[in-house]
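Take a look at the letters that make up each chain.
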Amino acid sequence: MKVFNVLPPDAWKTLMSRYSHIVLVANSEAVDFQRLRSELPHTALYVFFNKVYKVLDEPFSGHSVLVARSGVMGANIVHRRETGDVLRFFGGDDFLGVVNIRVSVEENFSEESRFEGAKARHLDLTQMLADLYPIGKIATSGFAVALWLADLQLPGKILLAGFSAKRSEKWKVFDVHDWTFEQIFLRLFARMGSISMMGGVDASPYSALAKRFPEVPPIEITMTAAEVLSERLDNTNSQIDRLMSLTKFIRAVDNFFRRFKPKTRKQRFLEKSKG
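Let me sum up the structure you'll find in this document.

About the criteria used
Residues numbered from 1 in each chain as written. Predicted model: local features only at pLDDT ≥ 70, side-chain atom pairs only at ≥ 80, totals over all residues. Heavy atoms only, no water. Core = buried A, V, L, I, M, F, W, Y, C linked by side-chain atoms within 4.5 Å. Buried < 20%, exposed > 50% of the residue type's maximum accessible area, 1.4 Å probe, protein only. Helix = DSSP H or I, 4+ residues; strand = E, 2+ residues; numbered from the N terminus. Contact = heavy atoms within 4.5 Å. Phe/Tyr/Trp six-rings, centres within 6.5 Å; stacked < 30°, edge-to-face > 60°. Lys NZ or Arg CZ within 6 Å of the ring centre and 35° of its normal. Expected span 1.5 Å × (residues − 1). Pairing = 2+ DSSP bridges. Polar contact = N/O pair within 3.5 Å; in protein donor to acceptor, adjacent residues only side chain to side chain. 1 Å grid on protein atoms, 1.4 Å probe; cavity = no way out; pocket = protein on both sides within 12 Å on 5 of 7 lines; lining within 4 Å. Points joined across faces, edges and corners; volume = space filled by probe spheres on them. Nonpolar A, V, L, I, M, F, W, Y, C, P; charged D, E, K, R; others polar. Salt bridge = Lys/Arg side-chain N within 4 Å of Asp/Glu carboxyl O. Axes fitted to C-alpha atoms, helices over the stretch in contact; angles between N-to-C directions. Parallel < 35°, antiparallel > 145°, perpendicular 65-115°, else oblique. Left-handed = near helix turned anticlockwise from the far one by under 90°.

1. Examining the nonpolar core
Counting 39 residues, the largest nonpolar core has Leu 24, Trp 148, Leu 149 and Leu 160 as the members making the most contacts within it. When residues of this core are assigned to their parent elements, the largest contribution, nine residues, is made by helix α6 (residues 141-152). Not counting chain neighbours up to four residues away, the residues in contact with Leu 160 comprise Leu 24, Ala 146, Leu 186, Ile 195, Ser 196, Met 197 and Met 198.

Here is the structure:
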């Protein structure tokens, strides 16, 4: 029988309340570590996610914790054999260990013994997100943890660093997540004061419009912005349709050769579990 280290909310709140700031560090080019470390006190806790070598070049010194996202085969860093590559960036008494999270019923935890000696706790966020997140999409780890921390009502400040949701040459933005919903939710949270955001989204670009046109009701500014954005989206969609038509032959060739691609470990696991 598998045993997981699942803490009650009060225990999590006690653990997290010792820090003046809880900084969620996205795996993003928008993260400004120099600014973070210079502006925040040593009592801040830095929360990292999964493949931390995307943002860290050397072992991290300071209070830290690693969030390891689960998939159907357990924690992703475990079944992809990346645990050692990730944990080499942490160590010492300032490292709280691993928090293995899952956000949907299809995801499964990994036992503490699979994290190569690091202390591991397990956090199930499926119920919290069940009636909240858009159907057909799955929450990112950062969004899920940010919402969970806000609900804990901690005395310290929650800061999101690098949560830009922007695609780059180095990092992908996967379509399984609803990035638009998450950004709207998080920015509303920020404007309510529940969290703070650092990394390109500190202020609304439309706030200048309200200052320039104080006689115009906010709803009119909102509707006008929505009208312009809708027109631009329609224009973009027409160009996408044209590209889909032009690349029809290329996609047909690609789909043909994909039939001969060996099955991944995840695909073999799913077939075995169904059988």
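This is not the end of the story, as more comes after the structure.
2. Section: the packing of aromatic side chains
Enumeration over the complete set of coordinates arrives at 14 aromatic pairs. Ring centres of Phe 48 and Phe 90 lie 5.4 Å apart, and the angle between their planes is 50°; on these two criteria the pair is classed as tilted. Of the two residues, Phe 48 is situated in strand β2 (residues 44-49) and Phe 90 in the loop between α4 (83-87) and β5 (95-102); the sequence distance between them amounts to 42 residues. As far as the burial class goes, Phe 48 and Phe 90 line up, both buried. Measuring from centroid to centroid gives 5.8 Å for Phe 181 and Phe 185, while their planes differ by 50°, and the two rings are tilted. Here Phe 185 and Phe 181 lie together in helix α7 (residues 179-192), a separation of four residues that amounts to about one turn. Here Phe 181 falls in the partly exposed class, since its relative accessible area comes to 23%. On the basis of relative accessibility, which here comes to 19%, the residue Phe 185 falls in the buried class. Looking at Arg 102, its charged tip hangs above the ring of Phe 109, at a distance of 5.9 Å from the centre.

3. Points about α6
Between its first and last C-alpha, α6 extends 17 Å over 12 residues, near the 16 Å set by a 1.5 Å rise per residue. With 11 of 12 residues buried, α6 is to be regarded as a mostly interior element. Positive backbone phi, approximately 55°, marks Gln 153, located one or two places after α6.

4. Some thoughts on the pairing of β5
With respect to burial, β5 is a largely interior element, eight of its eight residues being buried. Of the pairings in the sheet, the one linking strand β3 (residues 63-71) to β5 comprises five bridges and is parallel in character. Within β5, the position partnered with Val 67 by the bridge is Val 99. As judged from the five bridges shared by β5 and strand β6 (residues 120-124), these two strands associate in the parallel manner. Counterpart to Val 98 in the pairing with β6 is Ala 120.

5. A word on the side chain of Thr 140
Relative to the helices and strands, Thr 140 is located in the loop between α5 (126-130) and α6. A polar contact of 3.2 Å, which involves the side chain of Thr 140, links it to the backbone nitrogen of Phe 143. Other than its neighbours up to four places away in sequence, Thr 140 contacts Arg 69, Tyr 133, His 177, Trp 179 and Glu 182.

6. Considerations on empty space enclosed by the protein
One pass over the structure, following the stated rule, counts one cavity of 30 Å³ or more. In this structure, the largest cavity encloses a volume near 50 Å³. Sort the elements by how many residues they give to the lining of the largest cavity and α6 lands first, with three residues. Of the residues that constitute the lining of the largest cavity, the class distribution is 10 nonpolar, no polar and no charged.

7. Notes on the pattern of salt bridges
Taken as a whole and judged by the stated rule, the model has four salt bridges. Where Glu 39 meets Arg 35, a salt bridge forms, and the shortest distance between an N and an O atom there is 3.3 Å. Of this pair, Glu 39 and Arg 35 both sit in helix α2 (residues 33-39), separated by four residues, roughly a single helical turn. Owing to a relative accessible area of 49%, Glu 39 belongs among the partly exposed residues under this scheme. Relative accessible area serves as the criterion here: at 32%, Arg 35 is assigned to the partly exposed category. Residues Lys 51 and Glu 82 are paired through a salt bridge, measuring 3.8 Å at the closest nitrogen-oxygen approach. Residue Lys 51 is found in the loop between β2 and β3, and its partner Glu 82 is found in the loop between α3 (76-79) and α4; the two are separated by 31 residues along the sequence. The exposure class assigned to Lys 51 is partly exposed, which follows from its relative accessible area of 24%.

8. Brief notes about the packing of α6 against α7
One way to put it is that α6 packs onto α7 with a least axis distance of 11 Å and a crossing angle of 30°. One finds that α6 runs roughly parallel with respect to α7. Along this stretch, α6 crosses α7, giving a crossing that reads as left-handed. In this structure, α6 uses Phe 143, Ala 146, Leu 147 and Ala 150 to contact α7, whose residues at the interface are Phe 181, Glu 182, Phe 185, Leu 186 and Phe 189.

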